[in-house]
2 protein chains.
Amino acid sequence: VTRAAGTAGRVREALARAVGDHIVAAGERGHLRDATETRGIAGRADAVALPSTTEEVAAVVRWCYANGLPVVPRGGGTGFAGGAVPVDGGVVVGLERMTRVRAFEPLRWRVQVEAGMPTAALRRRVRESGLVFPPDPGAAESSQIGGNVATNAGGPHAFKYGATGAWVTGLEAVVPPGDVIAVGGPVRKDVAGYDLVHLLVGSEGTLGIVTAAWLRLIPAPEAAFPVVGVYRDAPAGCRAIELAMASGIVPAAIEYLDAGTLARAGAAYPWALPAGAGFMVIAEADGSAAEAEAGRRELRAALAEDAVSVEAPARPEAIERLWQWRDGVSLAVTASCGGKVSEDVAVPVEALGEAIERTVAIGREHGVTGLSWGHAGDGNLHCSFLLDPGVPAELERARAAAHAVFDLALALGGTVTGEHGIGVVKNGQLRRQWPARAVDLHRAVKHAFDPQNLMNPGKKLP
Amino acid sequence: VTRAAGTAGRVREALARAVGDHIVAAGERGHLRDATETRGIAGRADAVALPSTTEEVAAVVRWCYANGLPVVPRGGGTGFAGGAVPVDGGVVVGLERMTRVRAFEPLRWRVQVEAGMPTAALRRRVRESGLVFPPDPGAAESSQIGGNVATNAGGPHAFKYGATGAWVTGLEAVVPPGDVIAVGGPVRKDVAGYDLVHLLVGSEGTLGIVTAAWLRLIPAPEAAFPVVGVYRDAPAGCRAIELAMASGIVPAAIEYLDAGTLARAGAAYPWALPAGAGFMVIAEADGSAAEAEAGRRELRAALAEDAVSVEAPARPEAIERLWQWRDGVSLAVTASCGGKVSEDVAVPVEALGEAIERTVAIGREHGVTGLSWGHAGDGNLHCSFLLDPGVPAELERARAAAHAVFDLALALGGTVTGEHGIGVVKNGQLRRQWPARAVDLHRAVKHAFDPQNLMNPGKKLP
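Residues numbered from 1 in each chain as written. Chains lettered and ligands numbered in written order. Predicted model: local features only at pLDDT ≥ 70, side-chain atom pairs only at ≥ 80, totals over all residues. Heavy atoms only, no water.

## Some words on the interface of chain B and chain A
Thinking step 1. Every contact between the two is made by 78 residues of chain B and, on the other side, 78 residues of chain A.
Thinking step 2. Between chain B and chain A the total buried area reaches about 6,200 Å² when both faces are included, carbon and sulfur atoms providing 63% of it.
Thinking step 3. For the salt bridge of arginine 110 of chain A with glutamate 350 of chain B, the shortest nitrogen-to-oxygen distance reads 2.5 Å.
Thinking step 4. Summed over the shared surface of chain B and chain A, the number is 30 residue pairs in polar contact (both at pLDDT 80 or more).
Thinking step 5. Where the side of chain B that touches chain A is concerned, the elements lending two or more residues are helix H5 (158-161), strand E9 (179-184), helix H6 (196-200), strand E11 (218-219), helix H7 (234-245), helix H14 (430-433) and helix H15 (436-449) of chain B.
Thinking step 6. Of the residues forming the side of chain B that touches chain A, the biggest block, nine residues, is contributed by H15 of chain B.
Thinking step 7. Class assignment of the residues belonging to the side of chain B that touches chain A gives a composition of 40 nonpolar, 22 polar and 16 charged. (Contact = heavy atoms within 4.5 Å. Buried area = accessible area lost by both parts, 1.4 Å probe. Salt bridge = Lys/Arg side-chain N within 4 Å of Asp/Glu carboxyl O. Polar contact = N/O pair within 3.5 Å; in protein donor to acceptor, adjacent residues only side chain to side chain. Helix = DSSP H or I, 4+ residues; strand = E, 2+ residues; numbered from the N terminus. Nonpolar A, V, L, I, M, F, W, Y, C, P; charged D, E, K, R; others polar.)

What follows is the structure, given as structure tokens:
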């Protein structure tokens with residue numbers, strides 16, 4: 001079977017004969033798209049494989065590698081960069097059947113799970129034993145650990161706790177031409193080899209397929225108290241962020257939402273938004289009950305200074321409602337207009353205010369509405385440009401605006417992607433951010449792992 | 001100048017002509033050895049270069065690469081694996097003149113320093129602004145940030161805070177054939193490219209020379225209280241470690257010392273060691289004053305259960321004396337006999353007790369004294385075999401015992417090195433720990449960076 005020769009039907013049949021027909025699935029539209037669908041990115045696959053074991057993943061990769069077919073690994077399909085979309089055919093390898101907990105050792109603060117385990121399910125499971133897996137990307141009910149690893153997924157609490165990679169001590173992966181490797185493991189420190197674990201973290205399936213991960217856990221904080229400050233405008237809000245960072249505590253999270261975001265997502269905010277709400281900061285203090293309470297006082301003092309209003313909910317239901325609302329902001333913004341192009345640049349934190357204001361201006365210059373929210377403490381903005389999906393010209397203008405945001409991030413000393421990855425939507429951006437020799441090394445690393453360029457080809461191109 | 005043709009004198013002269021004679025130093029015996037000297041490892045160099053700028057480092061690497069001469073990067077020379085020893089000639093590149101703080105931005109919790117900055121000097125500098133750089137490897141007055149990055153140095157507080165790599169957000173490095181690359185930076189999150197930053201971390205100078213690093217900082221904890229438990233034997237001490245991990249808090253550090261270590265290093269312990277002291281656990285609680293005090297109570301309860309005695313110093317001078325004593329354990333053990341072979345294997349924490357007892361037994365089987373201490377929470381043992389440096393047969397027996405410790409670590413699912421690295425002393429061990437395809441990838445990554453194999457050749461060989 002060669003790719004040129006194979007129709008999708010023939011590829012499916014040949015793959016099924018080679019690896020077992022229980023692995024090859026009918027495949028649904030859901031296997032061909034991710035969260036970039038509203039910006040017009042969709043794929044087509046020659047076949048969809050849903051292996052249940054690492055050996056089955058290896059068999060699929062071996063067959064694809066022997067037959068010159070692209071392999072497109074797929075987690076929960078919640079990505080914003082098109083990383084899981086089969087843009088040019090090949091075999092989609094969905095990890096959704098690999099959901100086993102291979103080892104959970106609460107007293108040793110660690111767990112080994114397969115790649116298809118949904119993030120939220122893992123978080124609930126370890127929480128029952130008083131532990132926490134801190135990474136909390138959006139869409140955690142759908143997103144999977146393997147995808148979180150492959151994109152080094154972040155989230156609000158990455159400010160204190162780091163992104164997914166900070167919690168990975170070992171990986172099992174299938175690498176070309178179809179070998180299973182295990183690097184790292186339950187050991188918490190290991191400098192015997194080059195850090196292939198963290199080379200795979202964030203590699204977006206272009207070096208191999210993560211099939212299982214050893215994850216560190218920690219005892220859950222006894223309490224976590226968010227404080228919400230609402231401000232007249234972005235400069236006042238950014239001053240509040242600086243005060244929070246000067247408060248002497250390490251906040252668990254420091255989030256922000258700008259005026260345009262509040263205008264579209266504010267209706268479901270658990271409390272009344274005061275008149276003149278031009279900016280919001282959410283900071284959280286956690287730790288033992290005493291520590292969290294003391295931190296809450298510090299954050300409240302810091303956020304109150306220039307605020308129009310401050311909320312500091314203490315009841316668990318109120319806190320949960322606040323975070324549920326925050327988690328739903330992206331959907332609420334999309335729902336307000338039908339579609340958006342959203343990019344997640346990151347800048348040094350002192351440039352946050354400028355990046356927020358310039359995003360609005362860039363939207364205006366391109367004839368689309370620009371707004372942003374995100375992880376303020378990490379300088380990580382979700383810059384969104386709203387569009388009506390029925391109007392192709394709007395998509396074009398929004399894309400052009402997003403491109404201007406990349407320029408802005410680079411000019412401010414930042415990165416084109418803080419947590420979503422390159423996928424297909426940011427191809428070619430890395431060479432504007434890295435020196436030429438580093439880009440060469442990027443290509444050489446890819447070639448070392450995947451000499452035939454069949455692992456998620458067309459993704460994460462420098 | 002070719003390597004075969006060049007005498008050291010001719011290499012020095014040619015290098016000086018090419019890059020400027022102010023860069024080429026007389027070189028001292030100190031530039032040819034590290035902490036492995038007591039086990040008989042010494043080097044010889046064709047020249048020693050002490051550049052003061054990144055561009056000078058690049059000039060030296062370019063000249064060496066053009067002339068086929070090995071480049072041996074050198075930090076503080078405090079390594080235990082011979083990584084900085086020029087085992088087979090070439091040009092030693094000492095970073096000791098590159099000590100500038102390029103940027104220190106306390107309100108943004110970050111600093112950029114050059115590679116030659118001593119670790120302790122950096123820690124003091126940021127502490128003046130209420131911040132902490134958590135990694136605390138031994139010999140911090142001599143060790144340098146560049147070497148810490150190149151080895152991913154750990155230390156007692158890596159248990160809570162992670163090793164050096166956890167704090168690196170960006171690196172500047174000189175890579176073959178003499179190019180300066182900067183990857184990452186002051187931005188706290190960045191998934192635009194493969195994680196070359198953490199590929200360089202722990203690469204022991206075999207991929208390039210780290211010349212500067214962007215480091216994350218955090219507000220210093222208000223207080224840190226250690227609790228010391230002394231036990232009759234290792235099993236009782238290991239139960240105490242489990243209780244500390246079940247206490248609900250995240251201790252900042254969990255250290256241990258076994259009976260043989262206490263016998264040799266115990267004289268300088270700040271308090272009286274009780275009769276029958278067969279094991280010691282030091283755990284520390286930190287945070288706000290209230291948090292640290294509460295954690296101290298929890299740890300004291302956990303460590304007291306089976307203890308012969310418990311100390312919980314509260315006065316700063318007493319706490320400082322305790323940690324100074326702990327930091328000096330390695331020297332005290334060496335001083336007690338004249339020399340030692342010491343390896344830093346790591347195992348899953350539940351295997352710690354077995355690894356500690358087997359180390360003693362392995363020593364006995366090889367006719368040398370075996371003992372250990374280390375970072376209990378990370379399962380990281382410093383397994384030491386004592387020797388009289390004047391008796392070559394003892395060095396041989398100690399080396400054989402160390403080799404048996406590698407077997408032990410691998411049998412227990414661990415790693416041959418938790419924090420010291422491979423250097424020259426553990427060459428060939430990785431292939432026993434990793435599957436063949438992962439070892440191939442290790443070699444391919446090395447080749448991608450350093451096709452002529454001139455960057456610290458003969459080190460970190462799989």
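## Focus on the nonpolar core
Thinking step 1. Of all hydrophobic cores here, the largest spans 178 residues; its most connected members are Phe449 of chain A together with Phe449 of chain B.
Thinking step 2. Among all residues touching phenylalanine 449 of chain B, those that are not within four sequence positions of it are Arg437, Leu441 and Val445 of chain A together with Val175, Pro176, Leu196, Leu199, Leu200 and Leu207 of chain B.
Thinking step 3. Ala47, Ala49, Val60 and Val93 of chain A belong to the second-largest nonpolar core, a separate cluster that totals 26 residues. (Core = buried A, V, L, I, M, F, W, Y, C linked by side-chain atoms within 4.5 Å. Buried < 20%, exposed > 50% of the residue type's maximum accessible area, 1.4 Å probe, protein only.)

## A look at the relation of the copies chain B and chain A
Thinking step 1. If you rotate chain B by 180° and push it 0.0 Å along the axis, it lands on chain A with an RMSD of 0.0 Å. One copy is carried onto the other by what is essentially a two-fold rotation axis.
Thinking step 2. Mapped onto chain A, 100% of the interface residues of chain B again fall at the interface, so both copies present the same surface. (Least-squares fit on C-alpha atoms with pLDDT ≥ 70 in both.)

## Structural notes on the sheet that holds strand E3 (residues 71-74) of chain A
Residue and element names in this part refer to chain A.
Thinking step 1. Across the sheet, four strands lie side by side as E1-E2-E4-E3; this open sheet has mixed pairing. The sheet is open, and its two edges are formed by strand E1 (24-25) and E3, each paired on a single side.
Thinking step 2. As defined by bridge partners, E3 adjoins strand E4 (residues 91-94) across four bridges and the pair is classed as parallel. Residue pairing in the sheet places proline 73 in a bridge with valine 93 of E4. (Pairing = 2+ DSSP bridges.)

## Remarks on the pairing of strand E6 (residues 110-114) of chain A
Residue and element names in this part refer to chain A.
Thinking step 1. The buried fraction of E6 amounts to five of the five residues, a majority that puts the element mostly inside the structure.
Thinking step 2. Because side chains alternate across E6, one face comprises the buried residues Arg110, Gln112 and Glu114, and the other comprises Val111 and Val113, equally buried.
Thinking step 3. Direction of pairing for strand E5 (residues 101-105) relative to E6: antiparallel, over a ladder of four bridges. Its bridge partner lying in E6, glutamate 105 is registered against arginine 110.
Thinking step 4. The antiparallel hairpin formed by E5 and E6 contains four residues in its connecting segment, where tryptophan 109 sits at a positive phi of about 60°.

## Brief notes about the environment of leucine 122 of chain B
All names here are of chain B.
Thinking step 1. One can find leucine 122 in helix H3 (residues 119-127).
Thinking step 2. When its relative accessible area of 0% is taken as the criterion, leucine 122 is described as buried.
Thinking step 3. Put simply, leucine 122 and valine 132 are 10 residues apart on the chain and 9.2 Å apart in space, counted from C-alpha to C-alpha.
Thinking step 4. Apart from residues lying up to four places away in sequence, leucine 122 is in contact with Val111, Val113, Met117, Phe133, Ile145 and Leu215.

## Quick look at the sheet that holds strand E9 (residues 179-184) of chain A
Residue and element names in this part refer to chain A.
Thinking step 1. With antiparallel pairing, five strands are arranged side by side in an open sheet as E5-E6-E10-E8-E9. A single partner strand is all that each edge strand has here, and the edge strands are E5 and E9. Neighbouring strand axes in the sheet, compared pairwise and without regard to direction, differ in orientation by 10° on average.
Thinking step 2. Bridge analysis of strand E8 (residues 168-175) against strand E10 (residues 209-216) gives six bridges, and the strand direction is antiparallel. Its bridge partner being in E10, glycine 170 is matched across the sheet by tryptophan 214.
Thinking step 3. Along the sheet, helix H2 (residues 54-67) makes contact with E5, E8, E9 and E10, crossing E8 at roughly 45°. (Axes fitted to C-alpha atoms, helices over the stretch in contact; angles between N-to-C directions.)

## Focus: the pattern of salt bridges
Thinking step 1. Applying the stated rule across the entire model yields 56 salt bridges over all chains.
Thinking step 2. A salt bridge links glutamate 37 of chain B to arginine 29 of chain B; the shortest N-O distance between them is 2.4 Å.
Thinking step 3. Its relative accessible area of 29% is what places glutamate 37 of chain B among the partly exposed residues.
Thinking step 4. One network of salt bridges, in which partners are shared, links Glu105, Arg108 and Arg110 of chain A together with Glu242 and Glu350 of chain B.

## Comments concerning the pairing of strand E16 (residues 339-343) of chain B
All names here are of chain B.
Thinking step 1. Most of E16 sits out of view: five of its five residues are buried.
Thinking step 2. Burial of the side chains of E16 extends over both faces: Gly339, Val341 and Glu343 are buried on one face and Lys340 and Ser342 on the other.
Thinking step 3. Note: E16 against strand E18 (residues 380-387), five bridges, orientation antiparallel. The residue of E18 that forms the bridge with glutamate 343 is cysteine 383.

## Structural notes on the environment of glutamate 350 of chain B
Thinking step 1. Its location among the elements puts glutamate 350 of chain B in the loop between E16 and helix H12 (352-365).
Thinking step 2. For the pair formed by glutamate 350 of chain B and glycine 83 of chain B, sequence separation is 267 residues and the distance between their alpha carbons is 30 Å.
Thinking step 3. Discounting chain neighbours no more than four positions away, the residues touching glutamate 350 of chain B are Arg108 and Arg110 of chain A.
Thinking step 4. A polar atom in the side chain of glutamate 350 of chain B sits 2.5 Å from the side chain of arginine 110 of chain A.

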